[in-house]
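Structural characterization, general
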Amino acid sequence: MDVVLFWVLAAAALVFGYLVFRLDSMAQVTFALLASFLAVAALVLLLGLGYLGVVTALMMVIEMVIMAVFMIMFMMNPAGLMPMTMVHNKVGSAAIAIGTFVVLAAGILLVDWPTREGEPPPDPTFALGEALMGGQMLTMMTLGVGLFATIVATVVLSTDRGRYGDER
Amino acid sequence: MTLQLFLLLAAGLFAIGLYGALSQQSIVMLMMGLELMLNGVIVAAAAFWFYVSPAGTDGQVLIVVIITVMAVEMAVGFAVVTAIYRARQVDMTDDAADLKG
């Protein structure tokens, strides 16, 4: 059952990921990316990480809905009524992407991966919470400060005055 | 299901995202490519946690970090797009090549 689920979800993640750069409509593109994220969240759930899977799913739904608004704001073709190609250096990009995949795949298949050590804790979420409030406290504090810096930076960037000052 | 299969899926997502990030002209589409690359990293981190050291929590903490990075990337990316569009009506990467060497 798990194996079937894995193949279905993995195929969904890849196909929807590919569709992101194939579909014409910006709205469709956003929801294809959302579908890819949801498949990945389900895979994380499949590995037994209940909390992180649900968090990923919830965050991506919100993120993609916000993204859809921006997409329609900045795109000339939000409804996808006309075919659209907005790419540069397509062949070069494809070559680099395929080359990267081949190198990564070779590494994945050739490296002698370590064997599994230990068993998952009975409640991985509890273990994660304990780590974040204990040994990984510095990580958590850094993330907090980073998010705060992001808030300041985004407000500064998106005010009317903007990054470039008052003169227009 | 093995570690290798999960890692191959992660590599596939990363490669598709890389293609998008390199080839798209629209800054917003470029950011979608970056998100897709991070998506692959989530798969890899979860698989490493499960198949290599499930007793530790480092893999889970790594996923928390990646999710935060995704949120930061989205927020700052959109702020930059808004700022440059306000200043110069630019929404294509080709028009924003001031720093090109």
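First, a word on scope: everything that follows refers to the structure included in this document.

Examining the overall build of chain B
Across its full length, chain B carries three helices and zero strands. Secondary structure elements in chain B, listed N-terminal to C-terminal, are α-α-α. Over its C-alpha atoms, taken along the principal directions, chain B stretches across nearly 50 × 20 × 20 Å. Counting all 101 residues of chain B, 63% fall into the buried class. Taking contacts inside chain B between residues at least 6 apart in sequence as the whole, the part at least 24 apart equals 65%. When the accessible surface of chain B is split by element, carbon and sulfur atoms take 68% of a total near 3500 Å².

Digging into the nonpolar core
Within soluble globular proteins, side chains that are nonpolar tend to cluster in buried spots. Ranked by internal contacts, the top residues of the largest apolar core, which has 66 residues, are Met67(A), Met71(A), Phe6(B), Met32(B), Ile42(B) and Ile63(B). Put simply, the parts of the chain that give this core at least two residues each are α1 (2-19), α2 (26-46), α3 (50-74), α4 (90-110) and α5 (124-132) of chain A together with α1 (3-23), α2 (27-51) and α3 (58-88) of chain B. The leading source of residues in this core is α2(B), at 15 residues. With near-sequence residues (within four places) excluded, Met32(B) lies in contact with Val20(A), Phe21(A), Val29(A), Thr30(A), Leu33(A), Met67(A) and Met71(A).

Looking at the interface of chain A and chain B
Facing 77 residues of chain A, the contacting portion of chain B comprises 73 residues. Of the roughly 6800 Å² buried where chain A meets chain B, counting both sides, 80% is carbon and sulfur surface. On the chain A side of the interface with chain B, the three residues burying the most area are Phe21(A), Leu47(A) and Phe74(A), jointly 12% of the side's total. Seen at the junction of chain A and chain B, the total is zero salt bridges. Linking chain A with chain B are five residue pairs in polar contact (both at pLDDT 80 or more), by the criterion used here. Listed by contribution, the elements that provide at least two residues to the side of chain A that touches chain B are α1, α2, α3, α4, α5 and α6 (137-158) of chain A. For the side of chain A that touches chain B, the residue count by class is 53 nonpolar, 15 polar and nine charged.

Quick word on the side chain of Glu35(B)
Along the chain, Glu35(B) turns up in helix α2. The residues touching Glu35(B), leaving out its near neighbours within four places in the chain, are Leu33(A), Phe37(A), Glu63(A), Met64(A), Met70(B), Glu73(B) and Met74(B).

Brief notes about the packing of α2(A) against α2(B)
With their axes 10 Å apart at the nearest point, α2(A) and α2(B) run at an angle of 10 degrees to one another. Comparing the axis directions of α2(A) and α2(B) gives the class roughly parallel. Across the interface between the two elements, Met26(A), Val29(A), Thr30(A), Leu33(A), Ser36(A), Phe37(A), Val40(A) and Val44(A) of α2(A) pack against Met29(B), Met32(B), Glu35(B), Leu36(B), Asn39(B), Ile42(B), Val43(B) and Ala46(B) of α2(B). Classifying every residue of the contact of α2(A) with α2(B) by side-chain character gives twelve nonpolar, three polar and one charged.

Conventions we followed
- Residues numbered from 1 in each chain as written.
- Chains lettered and ligands numbered in written order.
- Predicted model: local features only at pLDDT ≥ 70, side-chain atom pairs only at ≥ 80, totals over all residues.
- Heavy atoms only, no water.
- Helix = DSSP H or I, 4+ residues; strand = E, 2+ residues; numbered from the N terminus.
- Buried < 20%, exposed > 50% of the residue type's maximum accessible area, 1.4 Å probe, protein only.
- Contact = heavy atoms within 4.5 Å.
- Areas by Shrake-Rupley, 256 points an atom, 1.4 Å probe, with all protein chains shown as cover.
- Core = buried A, V, L, I, M, F, W, Y, C linked by side-chain atoms within 4.5 Å.
- Buried area = accessible area lost by both parts, 1.4 Å probe.
- Salt bridge = Lys/Arg side-chain N within 4 Å of Asp/Glu carboxyl O.
- Polar contact = N/O pair within 3.5 Å; in protein donor to acceptor, adjacent residues only side chain to side chain.
- Nonpolar A, V, L, I, M, F, W, Y, C, P; charged D, E, K, R; others polar.
- Axes fitted to C-alpha atoms, helices over the stretch in contact; angles between N-to-C directions.
- Parallel < 35°, antiparallel > 145°, perpendicular 65-115°, else oblique.

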